[in-house]
Amino acid sequence: AYFKTIAKGGKSLIQSCKDLHLGRVVCHKSLLPEFANDPIEQKRLLREARVSAMLQHPNTMPTYEVGRDHHGNCYFTMKLVHGYTFREIIDYRERYDVTQLVNIIIQVGHALQYAHTHGVVHRDVKPENILVGPFGEVLLLDWGLAKVRSEEGTASEIDDMTSESLTDDQTMTGFQKLQGTIAYMSPEQIKKAPDIDGRTDIYSLGVVLYEALTGVKPSLGDTMDKIKASTLNDIPLIPSEISTTSISKVLDDIIMQCLAKDPNKRMHSIGELIRLLKEGLGV
């Protein structure tokens, strides 16, 4: 009686429900019935809950509880935030000025900087995973594809699932997820480079910023293969050349550096990207 559906993912269900202990409404994430008994999917959900809980930062969603319902199915609960995804903001971007859009990206940058410091690479930064709340808070969601390293740089115990089993998903829902995400993937992610690091998130955040300011994505194509080829080979158009709003040369340069094919040519850290964006806005 308490559950209301908020969103349906490829394999998961997000609902609002009442926490009867504290008398508040929370967000409840569980697997769709057809995946509820799949041990790999259960492990993935549990892993996502643990990664989310590990990252306690103003720009990440607070995680409350992980458990099993009376059917024995895994779930975890988070803070419920009613807001707009960055996708909705991009769709109405003429209502926002460049400074507002860049400031949202800077907030996402803070979440990524914090995650990278804790050995976590998000790997799925896209407008649908960014939420802007009613108090101006910006939250980076969905750590389900994250890659985790322990302090020593070895695979963390959270990461006993191989990243290959996480990303190489041949099911139709996996394909749809990849299709939605492919335009935000860095060249090294498309090539499935084993030594992928935080610079892949810099690339993806660059794509989101490019799209927020121009309304189009830097990699062009109407099929997955064409988008992949474009990401690997094409130099994107300069944002100011295709944007209807005026974009400074400084911002152009920052975005193009984020989108460098070679990770070594991008900023070496999210911290550096945040600093450049703030300087570019003059704040």
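It should be noted that the structure appears before, not after, this text.
These remarks concern the structure in this document. All values derive from a computational prediction rather than experimental measurement.

**Quick notes on the packing of aromatic side chains**
Next, step 1: Applying the stated criterion to the full structure yields zero aromatic pairs.
Next, step 2: Seen from the ring of Tyr-64, Arg-24 lies directly overhead, with NZ or CZ sitting 4.0 Å from the centre.

**Remarks on the sheet that holds strand 1 (residues 4-8)**
Next, step 1: What the five strands build is an open sheet, ordered 1-2-3-5-4; its pairing is antiparallel. The sheet is open, and its two borders are formed by strand 1 and strand 4 (63-68), each paired with just one other strand. Here the strands of the sheet are splayed against their neighbours by 25° on average, with no regard to which way each runs.
Next, step 2: Here strand 3 (residues 24-31) pairs with strand 5 (residues 74-78) via four bridges, running antiparallel. Directly across from Cys-27, in strand 5, lies its bridge partner Met-78.

**Description of the pairing of strand 4**
Next, step 1: Bridge count for strand 4 against strand 5 is five bridges, and the pairing is antiparallel. Note that in strand 5 the partner of Gly-67 across the bridge is Tyr-75.
Next, step 2: Following strand 4, the chain reverses through five residues before pairing antiparallel with strand 5; Gly-72 in that reversal takes a positive phi of roughly 85°.

**Here we look at a nonpolar patch on the surface**
Next, step 1: Taken together, the side chains of Tyr-2, Phe-3 and Leu-20 define a hydrophobic patch exposed on the protein surface, amounting to about 360 Å² of accessible area.
Next, step 2: Within the element layout of this structure, Tyr-2 appears in the segment before strand 1.

**Comments concerning the sheet that holds strand 6 (residues 84-85)**
Next, step 1: Strand order in the open sheet formed by three strands is 6-8-9, with antiparallel pairing between adjacent strands. Every other strand in the sheet has two partners, leaving strand 6 and strand 9 (138-140) as the edge strands with one partner each.
Next, step 2: Bridge count for strand 8 (residues 130-132) against strand 9 is three bridges, and the pairing is antiparallel. The residue of strand 9 that forms the bridge with Ile-130 is Leu-140.
Next, step 3: Of the strands in this sheet, strand 8 and strand 9 are in contact with helix 3 (residues 98-117), which crosses strand 9 at around 45°.

**Observations concerning the pattern of salt bridges**
Next, step 1: The final tally for this structure, using the stated rule, is 13 salt bridges.
Next, step 2: For Arg-44, the salt bridge is made with Glu-41, and the minimal N-O distance between the two is 3.3 Å. Of this pair, Arg-44 and Glu-41 both sit in helix 1 (residues 39-54), three residues apart, which is roughly one turn of that helix. Just as Arg-44 is buried, Glu-41 falls in that class too.
Next, step 3: Where salt bridges share partners, they join Arg-87, Glu-128, Glu-211 and Lys-217 into one cluster.

**Considerations on unusual backbone geometry**
Note: most peptide bonds trans; most residues except glycine with negative phi.
Next, step 1: The backbone of Arg-123 shows a phi angle near 70°, a positive value even though the residue is not glycine.
Next, step 2: With respect to the secondary-structure elements, Arg-123 resides in the loop between strand 7 (120-121) and strand 8.

**So, the environment of Ile-14**
Next, step 1: If you trace the backbone, Ile-14 turns up in strand 2 (residues 12-19).
Next, step 2: Residues within four places of Ile-14 in sequence aside, it is in contact with Lys-4, Thr-5, Ile-6, Ala-7, Cys-27, His-28 and Lys-29.

**Some thoughts on helix 1**
Next, step 1: Its 16 residues give helix 1 an end-to-end C-alpha distance of 22 Å, which sits within 8% of 22 Å, the value for a rise of 1.5 Å per residue.
Next, step 2: Within helix 1, burial applies to Glu-41, Gln-42, Arg-44, Leu-45, Arg-47, Glu-48, Ala-49, Val-51 and Ser-52.
Next, step 3: Sitting at the head of helix 1, Asp-38 places a side-chain oxygen 2.9 Å from the backbone nitrogen of Ile-40.

What counts, and where the lines are drawn
- Residues numbered from 1 in each chain as written.
- Predicted model: local features only at pLDDT ≥ 70, side-chain atom pairs only at ≥ 80, totals over all residues.
- Heavy atoms only, no water.
- Phe/Tyr/Trp six-rings, centres within 6.5 Å; stacked < 30°, edge-to-face > 60°.
- Lys NZ or Arg CZ within 6 Å of the ring centre and 35° of its normal.
- Pairing = 2+ DSSP bridges.
- Helix = DSSP H or I, 4+ residues; strand = E, 2+ residues; numbered from the N terminus.
- Axes fitted to C-alpha atoms, helices over the stretch in contact; angles between N-to-C directions.
- Patch = residues over 30% accessible without salt bridge, like charges linked within 9 Å, V, L, I, M, F, W, Y side chains within 5 Å.
- Areas by Shrake-Rupley, 256 points an atom, 1.4 Å probe, with all protein chains shown as cover.
- Salt bridge = Lys/Arg side-chain N within 4 Å of Asp/Glu carboxyl O.
- Contact = heavy atoms within 4.5 Å.
- Buried < 20%, exposed > 50% of the residue type's maximum accessible area, 1.4 Å probe, protein only.
- Expected span 1.5 Å × (residues − 1).
- Polar contact = N/O pair within 3.5 Å; in protein donor to acceptor, adjacent residues only side chain to side chain.

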